[in-house]
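A closer look at the structure
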Amino acid sequence: MANIIHHPSWKINENEVTPEHTFRNRRDFLKTMGIGSLAFAGLSGGAWAQESSGMSPLPAYTGNPDFADAGRPNTVEELTTTFNNFYEFGFSKSAPAHNAKGFSLDPYTLKIGGLVDKPTELDLDQIETLSLQERVYRFRCVEAWGMTVPWIGVPLSKIIQLAKPKSSAKYVAFKTFYDPERAVGQKDTRYRWPYYEGLRLDEAMNDLAFIATGHYGKRLAPQSGTPLRLVLPWKYGYKGPKSIVEMMFTDKEPKTFWNDANPSEYKFYSNVDPQVPHPRWSQAKERWLGEGEKAHATEWYNGYGEQVAELYADMPRNLY
Ligand SMILES: Nc1nc2c(c(=O)[nH]1)N[C@H]1C(S)=C(S)[C@@H](COP(=O)(O)O)O[C@H]1N2
Ligand SMILES: [Mo]
């Protein structure tokens, strides 16, 4: 490999590097550097405290009957919380559970701005009073593993409605926390931190788009994206950022972390599709956590086509 790989002090073993991880050359990095964070210029503060968690227990929630059963067994909590992608806390699957131990963004505030009539700041209580419910969703990572998780949270549309997006708002961008002292992965300059993502507004308003603050009847484990993360069951997992701190409405398609890192491998839409292979992996089959091999056929939109297919009706399939 032509790149000079500079190992930071928390050095990762090469054999632990996940398939999603790719090394970017310096030229690509410089090329994308100036562009991606424009939407958030002036907004990063880095002042997210991490006192030991004083978080209250998860409030009472109801089970949403439409999502009581994902048609397959739930993944056991122990697996969901020990096999993770959360590059801020290391690049191996086992690192986040270890490195994010005790991590918290308390006191937490979600900032909402950009093209909205009501710029808003919400704490966790205000978010959870919007309609806290449990939904069991299938989840699919682009690395061809899947899981099934009983999330607890609120529909993203409820949060969006509070901020009253202007008619000029066509997209929503998400920004996550920045604290390289605590999140050692953010010291790796091969990536541009903090992790950022985006959706078209109609995707964000779809009933499936969900902000999870809990799973398995409790608050999210730190490595699962404390205190809240986006869950989009019809898209590959990287479209759902963990530990979001800002939402910003825009009229242009937002830049995204993985598309900037490797545009030929990670597209903006990233809908699960067995017929659109990733350049490095077929997407035809998938492995469910806890199983040894790719024993299951991948479903288009991860099986959620009834709810989301119309969003992409006039789009060529290979575009996403
Ligand atoms: N902030 C942040 N969010 C993130 C990631 C990340 O590295 N950082 N990884 C993404 C990817 S690739 C996947 S598959 C899921 C993994 O979620 P899990 O570890 O809870 O299974 O989180 C997504 N959200
Ligand atoms: Mo992923």
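Residues numbered from 1 in each chain as written. Chains lettered and ligands numbered in written order. Predicted model: local features only at pLDDT ≥ 70, side-chain atom pairs only at ≥ 80, totals over all residues. Heavy atoms only, no water.

Points about the pattern of salt bridges
Inspection of every chain in the model, using the stated rule, returns 18 salt bridges. Between Glu-286 and Arg-72 there is a salt bridge, with the nearest N and O atoms lying 3.7 Å from each other. Of this pair, Glu-286 sits in strand E12 (residues 285–288) while Arg-72 sits in the loop between strand E1 (62–63) and helix H2 (77–80), and the two are 214 residues apart along the sequence. The buried category is assigned to Glu-286, whose relative accessible area is 1%. For Glu-286, the salt bridge goes to Arg-140, with nearest N and O atoms at 2.7 Å. A residue pair is termed long-range when its members are at least 10 positions apart, and Glu-286 in strand E12 and Arg-140 in strand E4 (residues 133–140) qualify at 146 residues. Three or more residues are tied together by salt bridges with common partners; here these are Arg-72, Arg-140 and Glu-286. (Salt bridge = Lys/Arg side-chain N within 4 Å of Asp/Glu carboxyl O. Helix = DSSP H or I, 4+ residues; strand = E, 2+ residues; numbered from the N terminus. Buried < 20%, exposed > 50% of the residue type's maximum accessible area, 1.4 Å probe, protein only.)

Comments concerning the site of ligand 1
Among the 17 residues in the neighbourhood of ligand 1, the closest are listed as Glu-20, Tyr-87, Glu-88, Gly-240 and Lys-242. Within the contact set of ligand 1, an oxygen atom lies 2.8 Å away from a backbone nitrogen or oxygen of Tyr-87. Surface burial for ligand 1 is 99%, taken as the share of its 540 Å² of free accessible area covered by protein chains. In the shell around ligand 1, the residues fall into 9 nonpolar, 4 polar and 4 charged. (Near = heavy atom within 4 Å. Polar contact = N/O pair within 3.5 Å; in protein donor to acceptor, adjacent residues only side chain to side chain. Areas by Shrake-Rupley, 256 points an atom, 1.4 Å probe, with all protein chains shown as cover. Nonpolar A, V, L, I, M, F, W, Y, C, P; charged D, E, K, R; others polar.)

Remarks on unusual backbone geometry
Look at the link from Asp-106 to Pro-107: it is a cis peptide, with omega at -5°. Here Pro-107 lies in the loop between helix H3 (95–99) and strand E2 (110–114). The omega torsion across Thr-226 and Pro-227 is -10°, close enough to zero to call that bond cis. Structurally, the position occupied by Pro-227 is in the loop between strand E9 (218–219) and strand E10 (229–231).

Regarding the sheet that holds strand E3 (residues 120–122)
Spatially, 5 strands are ordered E3-E2-E11-E6-E7 in an open sheet, and the strand pairing comes out mixed. The outermost strands of the open sheet, each flanked by one partner alone, are E3 and strand E7 (196–200). Across the sheet, the mean angle from the axis of one strand to that of its neighbour is 20°, orientation sign disregarded. (Pairing = 2+ DSSP bridges. Axes fitted to C-alpha atoms, helices over the stretch in contact; angles between N-to-C directions.)

Points about the environment of Phe-103
If you trace the backbone, Phe-103 turns up in the loop between H3 and E2. Between the alpha carbons of Phe-103 and Thr-226 there is a distance of 7.8 Å; along the sequence they are 123 residues apart. Setting aside its immediate chain neighbours within four residues, Phe-103 contacts Phe-89, Phe-177, Arg-182, Pro-222, Thr-226 and Ser-243. (Contact = heavy atoms within 4.5 Å.)

Here we look at the pairing of strand E11 (residues 244–250)
Each regular strand displays side chains that alternate between the two surfaces of the sheet. Buried residues dominate E11, accounting for 7 of its 7 residues. Note: E2 against E11, 4 bridges, orientation parallel. Bridged to Gly-114 within E11 is Phe-249. Strand direction decides the pairing type here: strand E6 (residues 171–176) and E11, joined by 6 bridges, are antiparallel. Of the residues in E11, the one forming a bridge with Thr-176 is Ile-244.

A word on helix H5 (residues 156–163)
If you check which residues of H5 are buried, you get Leu-156, Ser-157, Ile-159, Ile-160 and Ala-163. Taken around the axis of H5, the buried residues stretch over an arc of 160°, which confines them to a single face. Just downstream of H5 lies Lys-164, where phi reads positive at about 50°. (Arc of directions from axis to C-beta.)

Focus: the packing of aromatic side chains
In this description, an aromatic ring pair is defined by two values, namely the gap between the centres and the angle between the planes. Tallying each qualifying case throughout the model produces 29 aromatic pairs. On the numbers, 6.1 Å between centres and 75° between planes, the contact of Tyr-196 with Phe-257 is edge-to-face. Residue Tyr-196 is located in strand E7, and its partner Phe-257 is located in helix H7 (residues 257–261); the two are separated by 61 residues in the primary sequence. When sorted by exposure, Tyr-196 lands in the same class as Phe-257, which is buried. Pairwise contacts between aromatic rings join Tyr-87, Phe-91, Tyr-191, Trp-193, Tyr-195, Tyr-196, Tyr-236, Tyr-238, Phe-257, Trp-258 and Tyr-266 into one cluster. Over the aromatic face of Phe-268 sits the side chain of Lys-239, whose NZ or CZ is 4.2 Å from the ring centroid. Taking the ring centre of Trp-300 as reference, the NZ or CZ of Arg-317 above it sits at 3.4 Å. (Phe/Tyr/Trp six-rings, centres within 6.5 Å; stacked < 30°, edge-to-face > 60°. Lys NZ or Arg CZ within 6 Å of the ring centre and 35° of its normal.)

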